[in-house]
Amino acid sequence: MKPGKLGLLVVVSGSAAMAGPFDEPHLNIIPRTEAESARIAAVTAPAASFDAAQPFEENAAGAATVRVPPNANAFSQPSGNITFEDELDFRVGNGLFRKLWVSSPSSTLASDGLGPLFNARSCQRCHIKDGRGHPPEGPDDNAISMFLRVSIPADHSALTDKIEGYLATLPEPTYGTQMQDFSLAGHPAEYRLQIDYEEIEVPLSGGEAAYLRQPTYTAADLGYGPLHPDAMLSPRVAPQMIGLGLLEAIPAADILALADPEDADGDGVSGRPNVVWSVEYDQPMLGRFGLKAGNPTVRQQSAGAFAGDIGISSSLFPAAWGECTQAQPDCRNAPHGDLDDRGFEIDAEGIDLVTFYSRNLGVPARRDVEDRQVLRGKEVFYATGCTSCHQPSFVTHRLKDQPEQSFQLIWPYTDMLLHDMGPGLADNRPEARATGSEWRTPPLWGIGLTKQVSGHTYFLHDGRARSLLEAILWHGGEAQLHRDAVVDMPPADRQALIVFLESL
């Protein structure tokens, strides 16, 4: 914890129940004792030596860690500490996650309600093998694991008065908040995603060079007329799914203790929490999920994806037509699947099962933690200041009813906060309190298994980086000095840094 952040920690954790947006109604918490807090401070202290791995570092998710299989299923295993009985719920949730939805009306009543506009027919189609999506490989490839978010600026919205610092936007009048590139028969798709790249050379120390892809995004072949002239488009690639329940169980106070919105310690890194609206609890909450931390819980993230990506209604997002706007009356008036015994196209039990599955996708164990090059890369990671945002470890809340996530020492390498990443990565589209240049620090656990699981090494929010080095070189804003240090460091250290990241 940095000295400049102490005041925020006292404000947040000075009472037994945190007030306002940092309540945690989604968790059934057993408060920590003073002795436990002292133990946690000791076990999560920054590494002081790099001659050997830290205790328990190999177990990235504590007791929930899973072994790494020699195939693409490394991200598809249940938590390592799940019970036999709960594994059945995990498997049923997996079935719903993989299920292909069909259009209404259909004799397959438990699976109808698709669209009419959608990005994919199942969750698994975007999160292939529960891993990372990718941009289209070329003009003949589809964008099934990538889409454009869209909105327009506004002076005021329904949440401006409810969340301090909320940046008002409105849905794009014709296309809503998310653009769908697939549709049912008789309905035009909203658009086709077109990406044009310009290659940029980046000289590196030691006579080396890297090449970055600068993307330009176009919503081509618009199916419902032109976009609003002020439309803000944000490309998003589906992120990996592992460890979500553990990230959800990190104490809000521990996340807020890392925030330094005014850069009080002068290190150039601020970090601040996103605060978003919980449709489940009808209150502001800490944003944890999504590329800009736009959702507070795994359940809301899951239900939102059903609505936006597949066009499936639920109790949280009850519109039977999904993302169809008033400017798309044929879509709104089409047959839907919410009038049978389910009540919604996916009922509460279905959402619960998908939420349980998503919470319990196991994090694979670290590899080669005692390897000398990995240890040197870890030392470079620390010395370069990467841990200013990529916080190595936390201990989760002790929970009454989630044993898999309860009181685990985890190593996600994220602070769960928003950081300004500079103009190179800016999408120029706000989300809740996140500005157009801010992104949530992505967890790094499992990143070295991306090729094994997803068959590619595309990184960042839009998959523009084709390697971990390219991803680092896109860092700007608060991370500019750290990025420049990687450019200038000896090539052997740069390679060791990459090998360390590949061990995560």
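Preceding this section is the structure that the text describes.
The structure contained in this document is the topic of the report that follows. (Residues numbered from 1 in each chain as written. Predicted model: local features only at pLDDT ≥ 70, side-chain atom pairs only at ≥ 80, totals over all residues. Heavy atoms only, no water.)

## Quick look at the side chain of Asp130
With respect to the helices and strands, the residue Asp130 is situated in the loop between α4 (123–126) and β3 (146–153). One buried charged residue, Asp130, forms no salt bridge at all, with the nearest opposite charge on Arg98 at 6.5 Å. Excluding residues within four positions of it along the chain, Asp130 makes contact with Phe75, Ser76, Phe97, Gln124, Gln240, Met241, Tyr357 and Leu361. (Helix = DSSP H or I, 4+ residues; strand = E, 2+ residues; numbered from the N terminus. Buried < 20%, exposed > 50% of the residue type's maximum accessible area, 1.4 Å probe, protein only. Lys, Arg positive; Asp, Glu negative; His and termini not counted. Salt bridge = Lys/Arg side-chain N within 4 Å of Asp/Glu carboxyl O. Contact = heavy atoms within 4.5 Å.)

## Some thoughts on the state of the cysteines
Per the stated rule, a full pass over the model turns up one disulfide. Two residues, Cys324 and Cys331, share a disulfide whose sulfurs are 1.6 Å apart. Cys331 carries the same exposure label as Cys324, and that label is buried. Residue Cys386 stays outside any disulfide, its sulfur separated by 8.8 Å from that of Cys389, the closest cysteine. You can call Cys389 buried: its relative accessible area is 14%. (Disulfide = S-S within 2.5 Å.)

## Focus on the pairing of strand β9 (residues 232–237)
For β9, the buried fraction is high: five of the six residues fall into the buried class. Of the strand pairs in this sheet, β3 and β9 are connected by six bridges, and their pairing is antiparallel. Considered in β9, the bridge of Arg149 is made with Ser234. (Pairing = 2+ DSSP bridges.)

## Notes on the packing of aromatic side chains
Evaluated as defined, the whole model comprises nine aromatic pairs. The interplanar angle of 55° and the centroid separation of 5.2 Å between the aromatic rings of Phe381 and Phe500 together place this pair among those described as tilted. Here Phe381 is found in helix α10 (residues 372–383), whereas its partner Phe500 is found in helix α14 (residues 491–502), with 119 residues between them in sequence. When the centroid spacing of 6.1 Å and the interplanar angle of 75° are considered together, the rings of Tyr413 and Phe500 count as edge-to-face. Highlighted residues: Tyr413 in the loop between β14 (409–410) and β15 (418–420) and Phe500 in helix α14, separated in sequence by 87 residues. One exposure class covers both Tyr413 and Phe500, and it is buried. In textbook terms, an aromatic cluster arises when at least three aromatic residues are bridged by ring pairs, as seen for Phe90, Phe97 and Tyr357. (Phe/Tyr/Trp six-rings, centres within 6.5 Å; stacked < 30°, edge-to-face > 60°.)

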